[in-house]
Structure formats: structure tokens, C-alpha cells
Amino acid sequence: MKKENKYRFMPLLMALCVVLGIMIGSFYANHFSGNRLTIVNNGSSRLNNLLRIIDDQYVDKVNIDSLVDKAIPTILSELDPHSVYISAKDAQAAADDLNGSFSGVGIEFVIRQDTIRVQNVIKNGPAEKAGIIAGDKIVYVDGKKFVGKQVTNEEAMRRLKGPSGSKVKIGVQRYGKKGIVSFTVTRAEIPTKTITATYMLDDNTGYIKVKNFGEKTYPELLVALANLQQQGFKNLVIDLRDNPGGYLQSAVQMANEFLPAKRLIVYTQGRKSPRQDYKSDGHGAYQNTPLVVLINEGSASASEIFTGAMQDNDRATVIGRRSFGKGLVQQQIPFSDGSLIRLTIARYYTPSGRCIQKPYVDGDDQDYAQDLLERYQHGEYFSRDSIKHSGPAYHTRIGRVVYGGGGITPDIFVPEDTTGMTSYYKEAAMSGLILQFAFTYTDNNRQKMKDFKQMLQLASYLDKQNTVGQFVNYADKNGLQRRNLLIKKSHALLEKYINGRIIYNMLDEQALDEYLNDGDPVIKTAMRVFARNEAFPKKPVKKAGQR
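Residues numbered from 1 in each chain as written. Predicted model: local features only at pLDDT ≥ 70, side-chain atom pairs only at ≥ 80, totals over all residues. Heavy atoms only, no water.

> Just checking my understanding: could you explain the overall build of the protein chain for this structure?
On a plain count of helices and strands, the protein chain comes out with 21 helices and 21 strands. Residue burial in the protein chain is summarised as follows: out of 547 residues, 45% are buried. When contacts within the protein chain are restricted to residue pairs at least 6 apart in sequence, those whose partners lie at least 24 apart make up 69%. Only carbon and sulfur atoms are counted for the fraction: they give 53% of the accessible area of the protein chain, which is about 29900 Å². (Helix = DSSP H or I, 4+ residues; strand = E, 2+ residues; numbered from the N terminus. Buried < 20%, exposed > 50% of the residue type's maximum accessible area, 1.4 Å probe, protein only. Contact = heavy atoms within 4.5 Å. Areas by Shrake-Rupley, 256 points an atom, 1.4 Å probe, with all protein chains shown as cover.)

This is how it looks when you write it as C-alpha cells:
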């Protein structure tokens, strides 16, 4: 009987020991082993647990959202140069560039001396309807003073943009007026154009400048072509210089307008993305129009899709310098907080089968970013023979040789014009002094120039104003020492840049394009191609002994 009593409580005692052991083990695991057991899992679990541990146990308070904003770009940079993270605050601005419109007041502005200065007012936009004009200085927004260090581009956009139909009260200082002039502006949808210039180069040749490929590029193209049609164009120049790209679909739609039926425009393919072909439907209205496409090292992505389709189908003559070399396709993936990533999911290939993505090393963005500088130092901008082709040779429909692996090489190479290039000009341009002077000059002389509505009229007026001499005095007072011999050598370049910016400030982007194109050697080359009826590439002549 005594023996039975002795062992009656043994199961209970053992259970208590097990529970106590678990509690002690959990305490030591959590506080001394860094939660090792809970984070030994796959990569995504480790990241999630790491953030949780930092939030729970780190010595100081940490803003986890900010930490994630910094970590995601680092992770994506290990993949390729074009997979990127866009924070919630920057996502809307990135979308506005391609969506074709945004809701706001309809002005272009610059910030000078901590003050918003209206550079241009969009025609028929809310600001123009309210009475705001170019040259006004915005100093009040919704009754609150808005000058000084608080005036940043981001803050100005936040205050001036808003839902369509909402109102904003704007107070301005105006030349010749005392005190503050107030306007109530009703915000509306403001179109953002991707085609910035449409005009006739001569009686037969139309010109279209495509700034980037957005959601509305194709309808804009149709309007531009209709405009040129009314003026009787027979030949067409499409200028894609410095066009960084945009939507693939817009480039496909644009290419379709110039190609006969069932021509391959581009195809995409990736590890998890099966091959997808994009072909022309034969409904394009300009399949037989002589066409020249202009490119340079700033032409990328969708620009290269369009150019590659024209070149590989022997549909146009490509003139300029080798394009950027972006052959990766990104998919936009949004997060619930409004931020997003653009993740590379495929490569695109031109009709001949070439991928024109230039070489890169995973996680090494620095060399990739330096590629254009290396091209310049290697002499590629000045000699076609200096172009390095890293990919194999391919052939167009009629057998012309083209290359992949690093951009599109033009059919006709036009070197960069370095006539008059000096260290003085480079410093004047790179320092921003020319832009600052051009705006100051425009602001001080707006009343004298307001009656000039055409580019040629304003350019003729500026030719007589010695703007270079005035700039040199301005620059000398602002830290760029006068160097007379270099200034004399660079006079034509300086005048072109200075007067061009003043023309832009007073008129618009088309006026600037018209001014810069006047005398441009690339445009001159295009005109010679049309004069010789060489816009449609010819089949290469076989050499003796070839079959």
C-alpha cells in the first residue's frame, strides 16, 4: 500500500518537468539564439522573419517601410540594370509620363531663387483660362505663402496637382503689376504629348518627332500624319533621337502603320514567358511612303523595337548613331501601398532574330551606366569603324547584314558634330549656366518678344541681340571665367544653345525642334536620301565568287 502511494504522483511530476523544460528552452531560444530555429527556411521566409526580428528586438526604433524601400532596389539591382523599384510617392509621376495625361493646372515651370516661375502655359488649359501667363511668379498657393526653401519640385507638384474639377487659389507676382494678383484655377486633365513636333521640312518632306512611347502615341501619330497629309507630304522623317522608349504596344502599333500584312514586327521570349509574335495586319495607310528613321545613343527600348522592325523588314533607311541597346522587357507589378516594381520577364527580338540588349554583368550597374561614356572615349561617336559589335551577324529580308548584342547600328552613320566644341562650352552647358541665363533673359525681355509667334521671326530677332556676349558677362559674374579664344571658337554652338532655350521659353517644344533641326547634318543627310530615291534599302550586290 505504501509502495503504491509512493509512485501515484510520478506521472504528474514528469508532466510538470516536461512543461518546465519547454518553457526554459523557449526562453533561451528566443533570447540567446537569435530566433535561429524560426528563420531556417526558404529565402522569402528569412527576409520576412528578419524584418520582424528587427522590428521586435532592434535596439532603436526602426522605420520598417523605409528599410524596405532601401532594400528592394538593392535586391533588384542584382538581377539586371532595368529591373527597378518605384516608391509610392514616385509611382504617379512615372505613370503620368506614359499615360498621356494628368490632372493639374496646366503650366510648365522652373524653380529659380526659391520661387516657382511659370515658363509656359498649356494652350486652352486651366491656368490659361484663369488668366495666368508665362513669366508669372507663383508666391501663394491656397492662401499660404509658397516661397523659400520649402519650394521643391516635389512639393510644387503636390500643391498644384489634384483631382479634376477641384480648385486651387494661386497668387502671383507679375511684371509691371504692383502687389499680388490672385487667380482661382479649376484643375482638369492635362494632356502630355509624346509627339512634340510635326511640320514640313520642305515642300515634299514631313517630319515627326516622337519624344517617348506612351499610351496615346499611336493616336497622336495618326493626327500628325493627317496634318502632314493636308500639306501634301510625300516623304517622311521619324525622329527617335534621345527617345528612351516606353510601351512596347505603342511601338508595335506605330510600326504596323508602315508595314505590309503578316510582317513580323518583334517577338518576346523569357524563361516563364513563351514566345509571343507581333505581326502587321496590312491595314497601315502609309506602307509605301518613303521613310527615314533617325536614332542616336539615347534611342532605347520601344525606339529600338520600331527601328529594328523598319530595318529588318527593309522598310526604311536608318540614319544617325548606334542606339542604346535595351532589349529587355519589363512587367509592371504594383504593391498595395502604391509602390511598384518593373521586373524583367523577357527579352525582345527584332524580326531577323537579333536581341539588341547590350552586355551587362548581374549586379554591376556601374559599368553598364558608363557604356555611353566609353563609346565616346573610344571614338564611336565620330567614326563608324570604331563601333564594336558584340553579337553575331543577322540578315534582313533582302539579305543585308545587321548585328545584335548592343543596339541598332544605322544604315548611314553621321558622326557627332564637334565643330566649335571647347572646354568653355562644355562647362557652360554642364553647369546649367546656359539654362539659367536663357530663363533670366526671357524673363527680362518677355515684353519685347511677346509679339513673335513664329520660330523664324524670333530667331531672326535673337540673331541681332548678341546673346552670346550677354551670356559671357552673366557667366563671368557667376563663376565661369571669360576665355576669349575659346568663346570665339564656340560662338556658333553657344548661340544655338542659348537662342534655342529662349525660343523654347517663349514658344514651345516644336519651335525648339524646328530651330535645332535647321542646319542639322543628320537632317541634311535624310534629305539627300530622299533626293536620291534611296529611302527603301536596296538588295546587296553579290561579290564575285559568292552564290
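> Explain the side chain of N256 here, please?
With respect to the element layout, N256 can be found in helix 10 (residues 248–256). Reaching out from N256, the side chain makes a polar contact with the backbone nitrogen of D281 at a distance of 2.8 Å. Leave out the neighbours within four places in its chain, and N256 touches I265, K279, S280, D281, G282 and G284. (Polar contact = N/O pair within 3.5 Å; in protein donor to acceptor, adjacent residues only side chain to side chain.)

> Is there a simple way to explain the packing of aromatic side chains in this structure?
Within a pair of aromatic rings, the relevant descriptors are the distance that separates the centres and the angle that separates the planes. Using the criterion set out here, one finds eleven aromatic pairs in the structure. Taking 5.6 Å as the distance between ring centres and 55° as the angle between the ring planes, the aromatic pair formed by F437 and Y474 counts as tilted. One end of the pair, F437, is in helix 15 (residues 433–449); the other, Y474, is in helix 17 (residues 467–477), with 37 residues separating them in the sequence. An aromatic cluster is defined as three or more aromatic residues linked by ring pairs; in this entry it consists of F233, F258, Y286 and F306. Sitting over the face of the ring of Y267, R275 holds its NZ or CZ atom 3.6 Å from the ring centroid. Directly above the aromatic system of F324 lies the positively charged group of K358, at a separation of 3.6 Å from the ring centroid. (Phe/Tyr/Trp six-rings, centres within 6.5 Å; stacked < 30°, edge-to-face > 60°. Lys NZ or Arg CZ within 6 Å of the ring centre and 35° of its normal.)

> Help me understand the pairing of strand 17 (residues 328–334) in this model?
Along any regular strand the residues' side chains alternate between the sheet's two faces. Here seven bridges tie strand 17 to strand 18 (residues 340–349), and the two strands are oriented antiparallel to one another. Note that in strand 18 the partner of Q330 across the bridge is T344. (Pairing = 2+ DSSP bridges.)

> Honestly, the sheet that holds strand 16 (residues 317–320) in this entry has me stumped. Any pointers?
Here we have six strands laid out as an open sheet, ordered 10-11-12-15-16-21, and mixed in their pairing. Edge positions in the sheet fall to strand 10 (195–200) and strand 21 (412–413), since each of these pairs with one other strand and no more. Of the strands in this sheet, strand 11 (205–210), strand 12 (235–239), strand 15 (291–295), strand 16 and strand 21 touch helix 21 (residues 521–531), which is tilted by about 160° from strand 15. (Axes fitted to C-alpha atoms, helices over the stretch in contact; angles between N-to-C directions.)

> Is there a simple way to explain the packing of helix 10 against helix 11 (residues 302–312) in this structure?
A pair of packed helices is characterised by two quantities: the angle between their axes and the separation of those axes. Contact pair helix 10 / helix 11: the axes reach a minimum separation of 8 Å and the direction vectors enclose 25°. Considering their axes alone, helix 10 and helix 11 lie roughly parallel with respect to each other. In terms of crossing hand, the pair formed by helix 10 and helix 11 is right-handed. In this structure, helix 10 uses L248, A251, M254 and A255 to contact helix 11, whose residues at the interface are A302, I305, F306, A309 and M310. Taken together, the residues of the contact of helix 10 with helix 11 break down into nine nonpolar, no polar and no charged. (Parallel < 35°, antiparallel > 145°, perpendicular 65-115°, else oblique. Left-handed = near helix turned anticlockwise from the far one by under 90°. Nonpolar A, V, L, I, M, F, W, Y, C, P; charged D, E, K, R; others polar.)

> Teacher, can you tell me more about the nonpolar core here?
As a rule of thumb, soluble globular proteins bury nonpolar side chains together. Of all hydrophobic cores here, the largest spans 40 residues; its most connected members are F258, F306 and M310. Here F306 is in contact with F213, I238, L240, A251, M254, A255, F258 and V293, once residues within four sequence places are set aside. With 29 residues, the next largest nonpolar core counts L433, A438, Y441 and Y515 among its residues. (Core = buried A, V, L, I, M, F, W, Y, C linked by side-chain atoms within 4.5 Å.)

> Any chance you could explain the pairing of strand 4 (residues 115–121) here in plain terms?
Most of strand 4 sits inside the fold, with seven of its seven residues counted as buried. The sheet contact formed by strand 3 (residues 107–112) and strand 4 spans six bridges and is antiparallel. Its bridge partner being in strand 4, R112 is matched across the sheet by T115. Linking two consecutive strands that pair antiparallel, namely strand 3 and strand 4, is a turn of two residues; a positive phi of about 50° is found at Q113 within it. Of the strand pairs in this sheet, strand 4 and strand 5 (residues 137–141) are connected by two bridges, and their pairing is antiparallel.

> Looking at this structure, I do not really get the pattern of salt bridges. What am I missing?
When their charged atoms lie close together, side chains carrying opposite charge are able to pair. Counted according to the given criterion, the structure contains 19 salt bridges. In this structure, K209 engages D239 in a salt bridge whose closest nitrogen and oxygen atoms are separated by 3.9 Å. Linking K209 in strand 11 with D239 in strand 12, this pair joins segments that are 30 residues apart in sequence. No difference in accessibility class separates K209 from D239, as the two residues are buried. The closest approach of N and O atoms between R321 and E297, which form a salt bridge, is 2.9 Å. Linking R321 in the loop between strand 16 and strand 17 with E297 in the loop between strand 15 and helix 11, this pair joins segments that are 24 residues apart in sequence. In terms of burial, R321 and E297 fall into one category: buried. Counted as one network, the salt bridges with shared partners bring together R322, K358, D371, R375 and E380. (Salt bridge = Lys/Arg side-chain N within 4 Å of Asp/Glu carboxyl O.)

> Would you explain helix 10 in this entry?
Every α-helical turn comprises 3.6 residues, leaving residues that sit three or four positions apart pointing alike. Burial analysis of helix 10 places seven of its nine residues in the buried class, the great majority of the element. Listed in full, the buried residues belonging to helix 10 are L248, S250, A251, V252, M254, A255 and N256. Residues of helix 10 that are buried sit in contact with strand 11, helix 9 (217–230), strand 12, strand 13 (264–269), strand 14 (276–279) and helix 11.

> How should I be thinking about the confidence of the model for the protein chain in this particular structure?
In low-pLDDT regions, the fine details of the predicted coordinates are not to be read closely. The share of residues in the protein chain with pLDDT of 70 or more is 89%, and the mean pLDDT across the chain is 87. Counting contacts from residues 24–41, a segment whose pLDDT is below 50, to residues more than four positions away or on other chains yields 16 contacts. (pLDDT = per-residue confidence, 0-100.)

> Looking at this model, I keep getting lost on helix 11. Mind explaining?
In terms of burial, helix 11 is largely enclosed, as eleven of its eleven residues are buried. Every buried residue of helix 11 is accounted for by A302, S303, E304, I305, F306, T307, G308, A309, M310, Q311 and D312. Looking one or two places after helix 11, you find D314, whose phi comes out positive at around 55°.

> What is the right way to read unusual backbone geometry from this model?
With the exception of glycine, the majority of residues adopt a negative phi angle, and the majority of peptide bonds are in the trans configuration. Its identity as a non-glycine residue notwithstanding, K262 has a phi of 60°, on the positive side. Relative to the elements of secondary structure, K262 occurs in the loop between helix 10 and strand 13. The phi dihedral of N533 is positive, around 55°, even though this residue is not glycine. Mapped onto the fold, N533 is located in the segment after helix 21. Overall, the relative accessible area of 64% leaves N533 in the exposed class.

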